[in-house]
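Residue strings, one per chain:
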Amino acid sequence: MPFSDAIDSGARAGNGRLIALLAKSVHRGMLPPSLIFSGPAGAGKRQAAVATAQALNCLSPRGEGESYDACGTCAACTRIARGVHPDVVIVEPGESGSIKIEPIRDVIDRAGYRPFEGRRRVVIINDADAMASSPQNALLKILEEPPASSVFILVTARPDMLLPTVQSRCQRIRFQLVEQGAPDADALEVGRRVLELAAAADEPRQRIEAAKELLVNTGAGGREDREQLASHLYAIASLIRDMELLSSRRASGAQADSGIRPEIDRLTKAYQGTRGLTAFEAVDRALAALDSNASVKIVADWLVLNL
């Protein structure tokens, strides 16, 4: 399933732009080696993981940037889709419903060797939350320092079931089942100011000042406060996606849009490349923390320190 098919199957989930960012990261050789694909059932996480493996190993890739994709028809792509490619391993729960330590040890051993025929070895652990603590602990070292030729993707609908030490070693990509509505103008303006302040500030104390923008008119951290912060976070994510798109157009030589505001243009330059992906991940983690009932102030402060 190439990225194009993953977008089609996940269109109802609103993940097209997220998959485009993955495609761009693969094309530029900037894909993090340890990833968590999280999100509810039906959001297309597993399909996106397989599409990533195909894009990394396709014999006849096409496009570039956000349009980069596997062909879906070469020997490598078809074998990956069938689950028989020697360098793409998918680990899933057994009949007991759990993932035992033996298959995890096996993929760790295999990851230590160069790919047999592909460019990158990809290990996809589907329903990764089915691992008990022992197999998760066994993964820690290789997630922190994976071999240069290997990529690990943990797919889960329950990321909080993963050990904090596992979560901290992976960049998390959060898939959604329902497309969020377009952020309103006020939320976008708050998001722009926060990104601008975070980009300009080097000292943690200065960055914390940016968090105040996210907490204007909040009180004791009740439901309305949480909804307001979530709205601002979605606006920040939307701006990051738009900036990535603008950066991709520039990289391809497309003419710049004369209607772009100067402040957005400056932000695009500040958040291009790995910083944009890191910022997107930070927003994702902040939203997950809100879902877990974390303090709105703690979430806001943590976010601006990681943008």
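Residues numbered from 1 in each chain as written. Predicted model: local features only at pLDDT ≥ 70, side-chain atom pairs only at ≥ 80, totals over all residues. Heavy atoms only, no water.

**Thoughts on the overall build of the chain**
Here is step 1: Looking only at helices and strands, the chain has 13 helices and five strands in total.
Here is step 2: Buried positions account for 49% of the 307 residues belonging to the chain.
Here is step 3: When contacts within the chain are restricted to residue pairs at least 6 apart in sequence, long-range pairs at least 24 apart make up 77% of them. (Helix = DSSP H or I, 4+ residues; strand = E, 2+ residues; numbered from the N terminus. Buried < 20%, exposed > 50% of the residue type's maximum accessible area, 1.4 Å probe, protein only. Contact = heavy atoms within 4.5 Å.)

**Remarks on the packing of aromatic side chains**
Here is step 1: In total, this model carries one aromatic pair according to the counting rule given.
Here is step 2: Measuring from ring centre to ring centre gives 5.3 Å for Phe 37 and Phe 175, while their planes differ by 50°; the resulting arrangement is tilted. Of this pair, Phe 37 sits in strand 1 (residues 34–38) while Phe 175 sits in the loop between strand 5 (171–174) and helix 8 (185–200), placing them 138 residues apart in sequence.
Here is step 3: You can call Phe 175 buried: its relative accessible area is 1%. (Phe/Tyr/Trp six-rings, centres within 6.5 Å; stacked < 30°, edge-to-face > 60°.)

**Details of helix 9 (residues 204–214)**
Here is step 1: For helix 9, the full list of buried residues reads Arg 207, Ala 210, Ala 211 and Leu 214. Summarising the axial view, the buried residues of helix 9 lie within an arc of 110°, below the 170-degree limit, and thus occupy one face. In helix 9, those exposed residues whose orientation departs by more than 90 degrees from the buried face are Arg 205 and Lys 212. (Arc of directions from axis to C-beta.)

**A closer look at the side chain of Gln 167**
Here is step 1: Looking at the element boundaries, Gln 167 is found in helix 7 (residues 164–168).
Here is step 2: Note on Gln 167: relative accessible area 15%, which makes it buried.
Here is step 3: Not counting the four nearest positions on each side in its chain, Gln 167 is found in contact with Ile 36, Pro 159, Asp 160, Leu 162 and Arg 285.

**Regarding the environment of Ile 264**
Here is step 1: Counting through the fold element by element, Ile 264 comes out in helix 11 (residues 262–270).
Here is step 2: Take Ile 264: its relative accessible area is 19%, and that puts it in the buried class.
Here is step 3: Distance from Ile 264 to Arg 192, taken between C-alpha atoms, is 7.7 Å for residues 72 residues apart in sequence.
Here is step 4: Once residues lying within four places of it in the same chain are set aside, the contact partners of Ile 264 are Arg 192 and Leu 239.

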